[in-house]
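Residues per chain, in single letters:
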Amino acid sequence: DRALGLLRRPPTPTGNLGKGGRPLVLRYRLQPAKAQLRAARARLGRVFRPQALPCFVCPDLTAPGGKTPVFLDATDADRAWAKAAGPEGGRAAIEVHDLVEMVNAANAGAPGDFDKIVLYPLPDSIKYVRKARRRGNGNARLHAAIGG
C-alpha cells in the first residue's frame with residue numbers, strides 16, 4: 001500500500017536545479033525487470049506495457065492455506081507447476097496480469113477475493129532484503145520480513 005501511495009503522488013519539487021536552471025522533481029516509478037517483460041511478451045504474443053508490472057498466475061496451482069500464488073518471476077511459476085504436476089503434468093496454463101491493476105481493483109472494491117492470493121517476489125529481491133537485514137546497507141536500516 002505504501003509503494004502504491006508513492007506511485008500516485010504528483011511530481012514533487014526537490015528544491016534543486018538541474019542543467020539549464022530547470023527545477024528538479026522527484027517522481028516514483030516502477031521499473032519491472034526486463035526479463036519479466038520478455039516473459040510476459042512471450043506468453044501473450046504481444047508487447048506487455050513497459051510501465052506495467054507483470055505477474056504470473058497459474059489458476060491450477062494452490063499455495064499453502066488454499067491461496068492462489070501470484071509470481072513476479074515467470075521462471076518461479078514454471079518451477080512451481082513442474083513440482084506440483086510432476087513429469088506427466090504437461091505445460092502450465094499461466095496467465096499474465098498487471099500487478100498494479102490487480103491491487104487497484106482490490107482497493108476499489110472490485111469483485112474477487114484478493115485475500116486468497118499470496119505474492120511471491122523476485123528471487124533477487126529476496127536475496128537483497130536478506131543480505132541487507134544481516135549487515136545493513138550502510139545508509140539506512142531496512143526493516144523487512146520475509147518468511148523462511
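Look up: the structure comes first, before these words.
First, a word on what this report is: a plain description of the structure on this page. (Residues numbered from 1 in each chain as written. Predicted model: local features only at pLDDT ≥ 70, side-chain atom pairs only at ≥ 80, totals over all residues. Heavy atoms only, no water.)

Moving on: the overall build of the protein chain. When helices and strands are counted, the protein chain shows 5 helices and 6 strands. In the protein chain, the order of α-helices and β-strands from amino to carboxyl end is α-β-β-α-β-β-α-β-α-β-α. Scored against the burial criterion, the 148 residues of the protein chain give a buried share of 24%. Accessible area of the protein chain: about 10,700 Å², with a carbon and sulfur share of 53%. (Helix = DSSP H or I, 4+ residues; strand = E, 2+ residues; numbered from the N terminus. Buried < 20%, exposed > 50% of the residue type's maximum accessible area, 1.4 Å probe, protein only. Areas by Shrake-Rupley, 256 points an atom, 1.4 Å probe, with all protein chains shown as cover.)

This structure, assessed with the given rule, holds 2 salt bridges. For Arg-43, the salt bridge is made with Asp-78, and the minimal N-O distance between the two is 2.7 Å. Residue Arg-43 is found in helix 2 (residues 34-44), and its partner Asp-78 is found in helix 3 (residues 74-85); the two are separated by 35 residues along the sequence. The residue Asp-76 makes a salt bridge to Arg-79 at a minimum N-O spacing of 3.6 Å. Pair noted here: Asp-76 and Arg-79 are both in helix 3, with a separation of 3 residues, about one helical turn. Residue Asp-76 is classed as buried on the basis of its relative accessible area of 16%. (Salt bridge = Lys/Arg side-chain N within 4 Å of Asp/Glu carboxyl O.)

Here the focus is the sheet that holds strand 5 (residues 95-98). Taking strand neighbours across the sheet as the criterion, the 4 strands line up as 5-3-4-6 in an open arrangement whose pairing is mixed. Two strands close off the open sheet at either side, each with one partner strand: strand 5 and strand 6 (117-120). Put simply, the sheet's adjacent strands are angled 35° from each other on average, direction ignored. Where strand 4 (residues 68-71) lies against strand 6, 4 bridges are found, and the strand directions are parallel. Bridge pairing links Thr-68 to Ile-117 in strand 6. Contacting strand 3 (54-57) and strand 5, helix 2 runs over the sheet at an angle of about 55° to strand 3. (Pairing = 2+ DSSP bridges. Axes fitted to C-alpha atoms, helices over the stretch in contact; angles between N-to-C directions. Contact = heavy atoms within 4.5 Å.)

Our focus in this paragraph is helix 2. All of the buried residues along helix 2 are Gln-36, Leu-37, Ala-39 and Ala-40. All buried residues of helix 2 project into a common sector of 160° when viewed along the axis, lining one side. Exposed residues pointing more than 90 degrees away from the buried face of helix 2 are listed as Lys-34 and Ala-42. Buried positions along helix 2 lie against strand 3, helix 3 and strand 5. Of the residues one or two after helix 2, Gly-45 is the one with positive phi, at around 80°. (Arc of directions from axis to C-beta.)

Here we come to the nonpolar core. Ala-39, Ala-40, Phe-56, Cys-58, Leu-61, Phe-71, Ala-74, Ala-77, Trp-81, Ala-92, Ile-94 and Val-96 together form the largest nonpolar core, which totals 12 residues. At 3 residues, the largest contribution of residues to this core is made by helix 3. (Core = buried A, V, L, I, M, F, W, Y, C linked by side-chain atoms within 4.5 Å.)

In this sheet, strand 4 lies alongside strand 3 in antiparallel orientation, the contact comprising 2 bridges. Each residue of the ladder has a partner; that of Val-57, found in strand 4, is Val-70.

With that settled, consider a positive patch on the surface. A surface patch of like charges, here positive, comprises Arg-130, Lys-131, Arg-133 and Arg-134. Position of Arg-133 relative to the elements: it lies in helix 5 (residues 123-135). (Patch = residues over 30% accessible without salt bridge, like charges linked within 9 Å, V, L, I, M, F, W, Y side chains within 5 Å. Lys, Arg positive; Asp, Glu negative; His and termini not counted. Charge placed at Lys NZ, Arg CZ, Asp CG, Glu CD.)

This brings us to the environment of Leu-53. Here Leu-53 shows up in the loop between helix 2 and strand 3. By relative accessible area, Leu-53 is classed as buried at 19%. C-alpha separation for the pair Leu-53 and Gln-31, spaced 22 residues apart in sequence, amounts to 7.8 Å.

That is the geometry; function is a separate question.
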